[in-house]
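Letter by letter, the chains look like this.
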Amino acid sequence: MENLSQSTVFEWLSSESSMSYHTGEQRFSRHIETRYPSAALRFRILFSDNSGLAAIEDWLLCNTTELSLALITRKTGLTCLEVCAEKSFDLATLQTLPSVEVFQIKADAPVLNQPGLLVMDMDSTAIEIECIDELAEMAGVGAAVAAVTEQAMQGELDFEESLRARVAKLKDADADIIQRLCSELPLMPGLAAMIAELKQYQWRTVVASGGFSPFVNHLKQLLDLDAAFANELDIADGKLLGTVSGQVVDAQFKADTVESCAQQWSIAMGQRVAIGDGANDIPMINIADFGIAYHAKPKLAAAAEVNIEKLNLKVLPYLFQLK
């Protein structure tokens, strides 16, 4: 939260002990996260740098509703202003700012400092790429596979059929492309910091992916995840056979993973969270107590309770509350 002293309201929140602040006709009160006004509407304004600070300050000073404010801190290091009010207020100006996101926090939001479960999709959620598309590029069949992947992500094709169709195009590719891709797997920005913070509070973290087991196992080891599920690529004599074997990790399997892992680790209701980006994640999002869409396709965005559209995975711990 560097340079917040550029803002008079943020300076008061950051460095003064008084419980109220007056400027002109505006009045603000202060609260702490665990003692927010219980009857109030509760929003969190997040930003990763101070480019939007002046606009947020202007919005605060022009707001005609009396607001209670708090700075919310997490180890992932974004700046977060919690805003509470007894009646609704206009957030439209803030929502247009390119580096600012606004989220409503409800009374039943997951509790960060109690054990919970996070089930994540992998491709384009935990990592920046679609692994099958990258494998296809390395195998020289990129365009053909990418077209099928996009149709599947948009919910236009049955997942298992599209998976088998895409994998078939990898037949006879050298199996060493798998290890090469594992060695350069690009983590989604904020992933490692987010996982570390959740684990501090005894959260269980799981990847359930329609991708492939070498990549989820790499993530599991790298981030010390509790479990990882994905499809098994068939390999013989150093070549991909163009098939998968065993249980297909499809949309229903992902949803079942939320329930089975919650039961395995005795996760309380309200503490089961899922995050993904594509239509294949909708059942998982729906069965979780709290579903998050991350830079998502429209169908998933419509199904989720929360949409992270601009910032990265560092946002996630700020969507939860402390008790």
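We now turn to the structure provided with this report. (Residues numbered from 1 in each chain as written. Predicted model: local features only at pLDDT ≥ 70, side-chain atom pairs only at ≥ 80, totals over all residues. Heavy atoms only, no water.)

A separate point is the layout of surface pockets. Considered as a void within the structure, the largest pocket measures approximately 400 Å³ in volume. In terms of lining residues, the largest pocket is bounded by 20 residues, among which Phe103, Gln104, Glu305, Val306 and Asn307 are the most central. Sorting the residues of the lining of the largest pocket by element identifies β6 (100–104) and β13 (306–308) as the ones contributing at least two each. It is β6 that contributes the most residues to the lining of the largest pocket, 5 residues altogether. The residue makeup of the lining of the largest pocket, split by class, is 9 nonpolar, 4 polar and 7 charged. (1 Å grid on protein atoms, 1.4 Å probe; cavity = no way out; pocket = protein on both sides within 12 Å on 5 of 7 lines; lining within 4 Å. Points joined across faces, edges and corners; volume = space filled by probe spheres on them. Helix = DSSP H or I, 4+ residues; strand = E, 2+ residues; numbered from the N terminus. Nonpolar A, V, L, I, M, F, W, Y, C, P; charged D, E, K, R; others polar.)

Applying the stated criterion across every chain yields a total of 12 salt bridges. Across the salt bridge formed by Arg44 and Glu33, the nearest N and O atoms sit 3.1 Å from each other. Here Arg44, found in strand β3 (residues 41–47), pairs with Glu33, found in the loop between β2 (26–30) and β3; they are 11 residues apart in sequence, far enough to count as distant. Considered together, Arg44 and Glu33 belong to a single accessibility category, that of buried residues. (Salt bridge = Lys/Arg side-chain N within 4 Å of Asp/Glu carboxyl O. Buried < 20%, exposed > 50% of the residue type's maximum accessible area, 1.4 Å probe, protein only.)

As a general feature of sheets, a regular strand has side chains that alternate between the two faces. The buried fraction of strand β5 (residues 79–85) is high, at 7 of 7 residues. Here strand β4 (residues 67–71) runs beside β5; their pairing, made up of 4 bridges, is antiparallel. Looking across to β5, one finds that Leu69 is bridged to Val83. (Pairing = 2+ DSSP bridges.)

Turning our attention to helix α7 (residues 176–183). Listed as buried for α7 are Ile177, Ile178, Leu181 and Cys182. With its buried residues spanning 140° around the axis, α7 presents them on a single face. For α7, the exposed residues set more than 90 degrees away from the buried face come down to Gln179 and Ser183. Along its buried surface, α7 packs onto α4 (131–139), α9 (213–223), β9 (227–236) and β10 (239–245). (Arc of directions from axis to C-beta. Contact = heavy atoms within 4.5 Å.)

With that out of the way, let us pick up the packing of aromatic side chains. According to the stated counting rule, one finds 8 aromatic pairs in the structure shown. With 5.9 Å between their ring centres and 50° between their planes, Trp59 and Phe89 make a pair best called tilted. With Trp59 in helix α2 (residues 53–62) and Phe89 in the loop between β5 and α3 (92–95), this pair connects stretches of sequence that are 30 residues apart. Judged by centre distance (6.1 Å) and plane angle (75°), the ring pair of Phe290 and Phe320 falls under edge-to-face. Here Phe320 lies in the segment after β13 and Phe290 lies in strand β12 (residues 290–294), a separation of 30 residues in the sequence. Under the relative-accessibility criterion, Phe320 is labelled buried at 0%. Through a chain of ring-to-ring contacts, three or more aromatic side chains come together here, namely Trp12, Tyr21 and Phe28. The ring centre of Trp12 lies 4.8 Å from the NZ or CZ of Arg30, which sits over that ring. (Phe/Tyr/Trp six-rings, centres within 6.5 Å; stacked < 30°, edge-to-face > 60°. Lys NZ or Arg CZ within 6 Å of the ring centre and 35° of its normal.)

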